[in-house]
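What follows is the residue order along each chain.
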Amino acid sequence: MVMGEVLRVPEEYPTIQEAADIAVQGDIIDLAPGIWNQRVWGLSGVTLRGREGFSKTILDGANE
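All of these numbers come straight from a predicted model, not from anything done at the bench. (Residues numbered from 1 in each chain as written. Predicted model: local features only at pLDDT ≥ 70, side-chain atom pairs only at ≥ 80, totals over all residues. Heavy atoms only, no water.)

## Looking at the sheet that holds strand S1 (residues 6-9)
1) Next: Strands sit in the order S1-S2-S4 across an open sheet of 3 strands; the sheet is parallel. Strands with a single pairing partner mark the edges of an open sheet, and in this sheet they are S1 and strand S4 (47-50). Within this sheet the neighbouring strands show an average axis-to-axis angle of 25°, counted without direction.
2) Next: Summarising the sheet, S1 and strand S2 (residues 28-31) pair through 4 bridges and their orientation is parallel. For Leu7, the partnering residue across the bridge sits in S2 and is Ile29. (Pairing = 2+ DSSP bridges. Helix = DSSP H or I, 4+ residues; strand = E, 2+ residues; numbered from the N terminus. Axes fitted to C-alpha atoms, helices over the stretch in contact; angles between N-to-C directions.)

Okay, structure coming up:
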């Protein structure tokens, strides 16, 4: 199994989409806790994870 890069939002990339735009298959987009009011495109083969678990990181694209 090949491990990809870990792209940290917002420390390295201010938005999830900015990280998704440069991510390649196998990469992990690591989100800080909070509610992220963003729609995200282009995550095929990319893992999106909440740094402190799903109960502390919410992705809400409906309220963008």
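Having seen the model, we can carry on.
## Some thoughts on the pattern of salt bridges
1) Next: Here the structure, examined in full by the defined rule, presents 5 salt bridges.
2) Next: A salt bridge links Glu11 to Arg51, with the nearest nitrogen and oxygen atoms 2.9 Å apart. Residue Glu11 is located in the loop between S1 and helix H1 (16-22), and its partner Arg51 is located in the loop between S4 and strand S5 (57-59); the two are separated by 40 residues in the primary sequence.
3) Next: Overall, Arg51 belongs to the partly exposed group, its relative accessible area being 26%.
4) Next: For the salt bridge of Asp30 with Arg49, the shortest nitrogen-to-oxygen distance reads 2.9 Å. Here Asp30, found in strand S2, pairs with Arg49, found in strand S4; they are 19 residues apart in sequence, far enough to count as distant.
5) Next: Asp30 sits in the buried class, given a relative accessible area of 2%.
6) Next: Among the residues examined, Arg49 registers a relative accessible area of 36% and is labelled partly exposed. (Salt bridge = Lys/Arg side-chain N within 4 Å of Asp/Glu carboxyl O. Buried < 20%, exposed > 50% of the residue type's maximum accessible area, 1.4 Å probe, protein only.)

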